[in-house]
Amino acid sequence: TGPPPARPRARAPERQAAPSGAEAMGCGGSKEAAKSGDEGGGADAKAKDQKASDRKNAANVNKEYQAKMDFLNKVPLMKRLPKDQHPLLADAITIQEFAKG
């Protein structure tokens, strides 16, 4: 009998050229890239609009959260609950308004 059959060898994955500069660091959206004109003028305006929208949304969320905390402080039953538990409860509350009557 002869030697055992040769097993196929695994091929090494093909290497791709490494990205250079900002691409390698994942900084394509940095201020320097925007200044170089790669993105165009419209992207900066969209980013500012998105940032303003995010700020307004965060302000509304904060107002709603503060209203929940104020409500919890007014409820006599909740006064027995430790103060450090109020934020957890405020996160779980959903606001529901009802008509009088």
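These lines cover the structure that appears in this document, whether it is placed above or below.

What counts and how
- Residues numbered from 1 in each chain as written.
- Predicted model: local features only at pLDDT ≥ 70, side-chain atom pairs only at ≥ 80, totals over all residues.
- Heavy atoms only, no water.
- Helix = DSSP H or I, 4+ residues; strand = E, 2+ residues; numbered from the N terminus.
- Areas by Shrake-Rupley, 256 points an atom, 1.4 Å probe, with all protein chains shown as cover.
- Salt bridge = Lys/Arg side-chain N within 4 Å of Asp/Glu carboxyl O.
- Buried < 20%, exposed > 50% of the residue type's maximum accessible area, 1.4 Å probe, protein only.
- Contact = heavy atoms within 4.5 Å.

Time to look at the overall build of the protein. In terms of helices and strands, the protein carries four helices and zero strands. Order of helices (α) and strands (β) in the protein, N terminus to C terminus: α-α-α-α. Split by element, the accessible area of the protein, about 9,700 Å² in all, is 55% carbon and sulfur.

Tallied over the entire structure, the rule returns one salt bridge. Across the pair Lys68 and Glu64 runs a salt bridge, and its minimum N-O distance is 3.8 Å. Here Lys68 pairs with Glu64, and both are found in helix H3 (residues 41-74), just four residues apart, close to one helical turn. Judged by relative accessible area, which is 12%, Lys68 ranks as buried.

This part takes up the side chain of His86. Among the structural elements, His86 can be located in helix H4 (residues 86-92). When sequence neighbours within four positions are dropped, the list of residues in contact with His86 reads Met69, Leu72, Asn73, Met78 and Leu81.

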